[in-house]
Amino acid sequence: TALELLWMPLLFVEELAPPGAALRQLRSAFLSKHLHFRYRGFVESQRQRMVQDGRSAHGHNIPAGEPYDYKAACHALRLCVQGARLLEIWMLPVDISVRPEYSIIQGVRQGELTLGAFLAHLDDLRARLDSAFVATTLPEEPDRERVHEWLIATREAGDA
């Protein structure tokens with residue numbers, strides 16, 4: 001969620017002070033191959049929650065006989081899409097409603113996907129996340145030095 005703030009479309013930003021603008025220029029410095037492990041872990045925790053709860057959260061109408069937590073399901077799908085895009089193009093899509101995968105999330109929200117259909121889509125998106133990790137050109141480690149330099153400069157300027 002912290003990364004989402006760095007990629008928030010400026011349309012949704014009321015005010016952007018100079019230190020914030022400089023920080024947005026450092027977005028790629030926060031990225032590394034480590035994000036695959038984090039996103040994959042978040043996806044797995046949401047999948048586990050979704051299946052373990054064995055219920056439809058928030059009064060959602062899932063097809064009979066296959067209740068699952070649709071909120072956790074939607075989070076798992078979103079995390080796969082966002083993580084794969086970060087690995088592929090070094091950018092985080094905050095608004096995924098423009099992504100083709102969004103129709104799957106809408107299907108879950110509207111109670112149109114059975115548990116089996118949802119899990120098949122999730123498996124496909126997890127495979128894409130894993131493939132993106134194998135192919136990524138992200139560095140092994142984030143660029144801590146660039147971030148540290150920004151932090152020191154911002155503090156010295158009295159803007160922090």
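Predicted model only: the values in this text are computed from it and were never measured.

1. Comments concerning the packing of helix H4 (residues 70-89) against helix H5 (residues 102-109)
How two helices sit against one another is set out by the angle between their axes and by the gap between those axes. Closest axis-to-axis distance for the H4/H5 pair is 9 Å, and the angle between their directions is 175°. When the axis of H4 is compared with that of H5, the two are roughly antiparallel. Between H4 and H5, the residues in contact are Tyr-70, Ala-73, Cys-74, Leu-77 and Arg-78 and Ile-104, Ile-105, Val-108 and Arg-109, respectively. Classifying every residue of the contact of H4 with H5 by side-chain character gives seven nonpolar, no polar and two charged.

2. A look at the side chain of Arg-126
You can see Arg-126 is positioned in helix H6 (residues 115-135). The exposure class assigned to Arg-126 is buried, which follows from its relative accessible area of 14%. What Arg-126 contacts, discounting residues up to four positions off in sequence, is Arg-40, Val-43, Glu-44, Arg-47 and Cys-80.

3. With respect to the packing of helix H2 (residues 18-25) against helix H7 (residues 144-157)
At a closest axis distance of 11 Å, the pairing of H2 and H7 adopts a crossing angle of 170°. It follows from the interaxial angle that H2 and H7 lie roughly antiparallel. Facing Pro-19, Ala-22, Leu-23 and Gln-25 of H2, the residues of H7 in contact are Arg-146, Trp-150 and Thr-154. A class-by-class count of the residues in the contact of H2 with H7 yields four nonpolar, two polar and one charged.

4. Examining the nonpolar core
If you look at the biggest cluster of nonpolar residues, it comprises 39 residues, and the most contacted ones within it are Met-50, Tyr-68, Leu-77, Val-108 and Phe-118. The set of elements that each furnish at least two residues to this core consists of helix H1 (2-7), helix H3 (34-53), H4, H5, H6 and H7. Among the elements that make up this core, the one with the highest residue count is H4 (twelve residues).

About the thresholds
- Residues numbered from 1 in each chain as written.
- Predicted model: local features only at pLDDT ≥ 70, side-chain atom pairs only at ≥ 80, totals over all residues.
- Heavy atoms only, no water.
- Axes fitted to C-alpha atoms, helices over the stretch in contact; angles between N-to-C directions.
- Helix = DSSP H or I, 4+ residues; strand = E, 2+ residues; numbered from the N terminus.
- Parallel < 35°, antiparallel > 145°, perpendicular 65-115°, else oblique.
- Contact = heavy atoms within 4.5 Å.
- Nonpolar A, V, L, I, M, F, W, Y, C, P; charged D, E, K, R; others polar.
- Buried < 20%, exposed > 50% of the residue type's maximum accessible area, 1.4 Å probe, protein only.
- Core = buried A, V, L, I, M, F, W, Y, C linked by side-chain atoms within 4.5 Å.

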